[in-house]
Amino acid sequence: MAFTSSFAVIFREGLESVLILGAILTYLEASRNVKFKRFVYYGIVLAIGATAVTWFIASYIIRISGANRELIEAIAALSATAVLFYVSFWILNKIEHKKWMEFVKAKVWQASTTGGTAVFVMLSFFTVYREGFETVLFYEAMFGFAKYMETYVGLGFVAGIATLLGVYFVTRKLGKRLPLKMLFGLTMGVGAYLSIAFLGNAVRELQTLDILPFTSLLGIVPRLDINMAKMTGIYPTLETIIAQAIMLGIYLVAASYVLVLKPRREEKIATMRKSRREIDESTTH
């Protein structure tokens, strides 16, 4: 579970960067502006360096926090929960992927026509660093709860990076499109699971610090193995179960709206407009 969670985090966070950077480089080659490609690579290298520095600072702050470490880990978990919640529903609207590509092409065209090399550096830098910053937040929260499972988290990270590189070279060399709808749907589901797990762990940490009340549900909710409990966030306390149930309910309601109710409403509106046009045309004739 630690391996899969780690793999899912880095793959989901890196996928968008891979797609955008691939589009930038492909557009530069198609428009015969290959001289700007090296500036894209400069931005990528700078972003990776900035992400590494961010990770070092975050780890250092947690390491020296001493007695406040549990509180910092709880805050990191709550922050990761909030970001994952936002990202998961943003992924549901990945139909707007074409708008992203149009935005990228507009930026590339503007930079290539004006000769603005700095734009390519900044565009690739922020494309990678934005995802890198979120990745640091998620992994710090994960490491806080995946104690003694760091090896599996690390292996998941390496496997995710290797898969992203494979996706990049396949899309660049063969020009094949990924099944984005299925892929983003899967990563949205994993993101929902991780945010629920992070939330359960954060509430449990706050209970340990006596910040939140503790109501035992032993006998009703089974006590999981400590490693399983930390990777799922499920504990036999009323407060953790209620928090996770509310989060799950929000996901189910919102996903039902985005995936079922909204498409049906849009289809109904489109059908009504089509009927009106046909009536108008028949009336005109």
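Scroll up for the structure.
First, a word on what this report is: a plain description of the structure on this page.

1. Some thoughts on the overall build of the protein chain
From N to C terminus, the protein chain includes 9 helices and 0 strands. In the protein chain, the succession of α and β elements from N to C terminus is α-α-α-α-α-α-α-α-α. Per element, the accessible surface of the protein chain, about 16300 Å² overall, is 68% carbon and sulfur.

2. Side note on a positive patch on the surface
A contiguous patch of positive charge, built from Arg273, Lys274, Arg276 and Arg277, is present on the exposed surface. By the element assignment, Arg276 lies in helix α9 (residues 238–284). With relative accessibility at 52%, the residue Arg276 sits in the exposed group.

3. Some remarks on the nonpolar core
Ranked by internal contacts, the top residues of the largest apolar core, which has 41 residues, are Ile24, Val40, Met142 and Phe198. Elements represented by at least two residues in this core include exactly α1 (2–30), α2 (37–63), α3 (69–92), α5 (117–145), α6 (150–173) and α7 (180–208). In terms of residue count, the dominant contributor to this core is α1 (12 residues). Among residues more than four places away in sequence, those in contact with Met142 are Ser5, Ser6, Val9, Val153 and Phe198. Within the second largest apolar cluster, 8 residues are counted, among which are Met188, Val203, Ala243 and Met247.

4. Let's talk about the side chain of Gln207
Inspection of the secondary structure assignment puts Gln207 in helix α7. Of note is the side chain of Gln207, whose polar atom sits 3.5 Å from the side chain of Thr237. Those residues in contact with Gln207, other than ones at most four positions away along the chain, are Leu212, Pro213, Phe214, Thr237, Glu239 and Thr240.

5. Points about the environment of Met142
Along the chain, Met142 turns up in helix α5. A relative accessible area of 2% means that Met142 is categorised as buried. Note: C-alpha distance between Met142 and Ser5 (137 residues apart in sequence) is 8.7 Å.

6. Thoughts on the packing of aromatic side chains
All chains considered together, the criterion is met by 7 aromatic pairs. Consider the rings of Phe39 and Tyr42, whose centres lie 5.7 Å apart with planes at 90°: the pair is edge-to-face. Residue Phe39 and its partner Tyr42 are located together in helix α2, separated by 3 residues, close to a single helical turn. Residue class for Phe39 comes out buried when judged on its relative accessible area of 14%. Here Tyr42 falls in the partly exposed class, since its relative accessible area comes to 42%. For the pair Phe125 and Tyr129, a centre-to-centre distance of 5.6 Å together with 15° between the ring planes defines the contact as stacked. Of the two residues, Phe125 and Tyr129 are both situated in helix α5; the distance of 4 residues between them amounts to about one turn of the helix. An aromatic cluster of at least three residues, connected via ring pairs, comprises Trp55, Tyr139 and Phe157. When the ring centre of Tyr235 is taken as reference, the NZ or CZ atom of Arg204 above it lies at 5.9 Å.

Calculation rules
Residues numbered from 1 in each chain as written. Predicted model: local features only at pLDDT ≥ 70, side-chain atom pairs only at ≥ 80, totals over all residues. Heavy atoms only, no water. Helix = DSSP H or I, 4+ residues; strand = E, 2+ residues; numbered from the N terminus. Areas by Shrake-Rupley, 256 points an atom, 1.4 Å probe, with all protein chains shown as cover. Patch = residues over 30% accessible without salt bridge, like charges linked within 9 Å, V, L, I, M, F, W, Y side chains within 5 Å. Salt bridge = Lys/Arg side-chain N within 4 Å of Asp/Glu carboxyl O. Lys, Arg positive; Asp, Glu negative; His and termini not counted. Charge placed at Lys NZ, Arg CZ, Asp CG, Glu CD. Buried < 20%, exposed > 50% of the residue type's maximum accessible area, 1.4 Å probe, protein only. Core = buried A, V, L, I, M, F, W, Y, C linked by side-chain atoms within 4.5 Å. Contact = heavy atoms within 4.5 Å. Polar contact = N/O pair within 3.5 Å; in protein donor to acceptor, adjacent residues only side chain to side chain. Phe/Tyr/Trp six-rings, centres within 6.5 Å; stacked < 30°, edge-to-face > 60°. Lys NZ or Arg CZ within 6 Å of the ring centre and 35° of its normal.

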